[in-house]
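Residues per chain are reported as follows:
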Amino acid sequence: MTVSVLTDAAGGDVLRSHAEHAFADELKALAAADDRPRPARWKLSPWAVSTYLLGGTLPDGTLITPKYVGPRRLVEVAVTTLATDRALLLLGVPGTAKTWVSEHLAAAVSGDSTLLVQGTAGTPEEAVRYGWNYAQLLAHGPSREALVPSPVMRAMSEGMTARVEELTRIPADVQDALITILSEKTLPVPELGQEVQAVRGFNLVATANDRDRGVNELSSALRRRFNTVVLPLPATPEAEVDIVSRRVAQIGRSLDLPPAPDGMAEIRRVVTVFRELRDGITTDGRTKLKSPSGTLSTAEAISVVTGGLALAAHFGDGVLRPGDVAAGIIGAVVRDPVADHVAWQEYVETVVRERDGWKDFYRACREAAE
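These lines cover the structure that appears in this document, whether it is placed above or below. (Residues numbered from 1 in each chain as written. Predicted model: local features only at pLDDT ≥ 70, side-chain atom pairs only at ≥ 80, totals over all residues. Heavy atoms only, no water.)

So, the overall build of the protein
Then step 1. Counting its regular elements, the protein contains 16 helices and 11 strands.
Then step 2. Taking 2.2 N^0.38 as the reference for a compact globule, 370 residues should give roughly 21 Å; the C-alpha atoms of the protein span a radius of gyration of 23 Å, in line with that estimate.
Then step 3. Taking the principal axes of its C-alpha atoms as reference, the protein extends roughly 70 × 50 × 40 Å.
Then step 4. By the burial criterion, 45% of the 370 residues in the protein qualify as buried.
Then step 5. Here the analysis covers contacts within the protein between residues at least 6 apart in sequence; of these, 71% occur between residues at least 24 apart.
Then step 6. Of the roughly 18000 Å² of accessible surface on the protein, 52% is carried by carbon and sulfur atoms. (Helix = DSSP H or I, 4+ residues; strand = E, 2+ residues; numbered from the N terminus. Rg over C-alpha atoms; globule rule 2.2 N^0.38 Å. Buried < 20%, exposed > 50% of the residue type's maximum accessible area, 1.4 Å probe, protein only. Contact = heavy atoms within 4.5 Å. Areas by Shrake-Rupley, 256 points an atom, 1.4 Å probe, with all protein chains shown as cover.)

Printed below as a string of structure tokens:
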């Protein structure tokens, strides 16, 4: 069963299409070229799923764009996990593309990335197991017609991939509702004296922020049901620049922002600032820096550049300049108004001020901070 979309996606009105719609042509081309064995109910073989995420060129010349820039082996392990009876846990600091990867995995494996449970401190057990249509329940009592399946229950009955975002933010007792599902591949419905058994093809991808340890840490029993893949921050500045530029271009097209000529210079500057402050040392290794309290993730760099593009398009001449990104960088860096402000000011005066070719950025930072 496919989730109906209330907005007319075909009319191009949705702000962000689901992966299976946004990259439908690539998925179709991969399916046509894919002659390798596919697990039960998979839309593509594991090889094709990995190619979809990592990018490549098909024999007919079709270009598959990379959805994830990172170690190939991590993607292969993640895809292989979904072909076994173990669930997959994507772990990493904020901004390492955990949600992005989980969405594209579900889209490529099942053709549907919408079977999603969003984890929060208030996520109830019904979001993982099932709920009830109370009008039906009061009128006719417990019945299958009155039962409202969760995304996980639907994935079990249809042999698809379910997603659980921010697993460690979900209360521990709700987390543990997954243990029977993942170990016994069954979901009891005691009110009806029945159970839902998972059919072949079912699996689950969860994400968790490894800075949330101690919030609602996973029990050892639940953790054993997952194969954990840690997604790292981009290994090199070039890789991070590539990720930021690709995502900014995609977001810009969806927002009808004009491409910014010579925007790569500012993208590299944003990435350099974030990496140096994140690592606590300048790129040349000569100056140690105070790291601010924020994560300064790749996702935040994408947000800063996208905001700068919007400023350049609507209040400038369309060219991305230092003044368009300075305020966004300060907003991302200075989360603690005292400690982070000190770290930022020291960075501006000791690094930015003295760096060749950064005079305009230095002036923009000073103006933005006034």
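Back to the text.
Digging into empty space enclosed by the protein
Then step 1. A complete count under the given rule lists one cavity of 30 Å³ or more for this structure.
Then step 2. Every residue along the wall of the largest cavity is listed here: Leu53, Leu74, Val75, Ala78, Leu90, Val101, Leu105 and Leu231.
Then step 3. Of all elements in the fold, only helix H4 (72-82) and helix H5 (98-110) reach the threshold of two or more residues within the lining of the largest cavity.
Then step 4. A total of three residues in the lining of the largest cavity trace back to one element, the largest contributor, which is H4. (1 Å grid on protein atoms, 1.4 Å probe; cavity = no way out; pocket = protein on both sides within 12 Å on 5 of 7 lines; lining within 4 Å. Points joined across faces, edges and corners; volume = space filled by probe spheres on them.)

Regarding the nonpolar core
Then step 1. Membership of the largest hydrophobic core comes to 36 residues, with the highest contact counts inside it found for Val152, Leu167, Leu178, Ile181, Leu182, Leu204 and Phe226.
Then step 2. The dominant element in this core, judged by the number of residues it contributes, is helix H9 (residues 177-184), at five residues.
Then step 3. Beyond its immediate sequence surroundings of up to four residues, Leu167 is in contact with Leu89, Gln175, Leu178, Ala206, Thr207, Leu218 and Phe226.
Then step 4. Val271, Leu289, Val325 and Val333 belong to the second largest nonpolar core, which has 34 residues in total. (Core = buried A, V, L, I, M, F, W, Y, C linked by side-chain atoms within 4.5 Å.)

Regarding the pattern of salt bridges
Then step 1. This structure, assessed with the given rule, holds 19 salt bridges.
Then step 2. A salt bridge links Arg38 to Asp34; the shortest N-O distance between them is 3.5 Å.
Then step 3. A relative accessible area of 37% means that Arg38 is categorised as partly exposed.
Then step 4. Judged by relative accessible area, Asp34 falls into the buried class, the value being 8%.
Then step 5. Between Arg353 and Glu349 there is a salt bridge whose closest N-O contact spans 3.4 Å.
Then step 6. Here Arg353 falls in the partly exposed class, since its relative accessible area comes to 40%.
Then step 7. Beyond isolated ion pairs, a larger network of salt bridges with shared partners links Glu240, Arg275 and Arg278. (Salt bridge = Lys/Arg side-chain N within 4 Å of Asp/Glu carboxyl O.)

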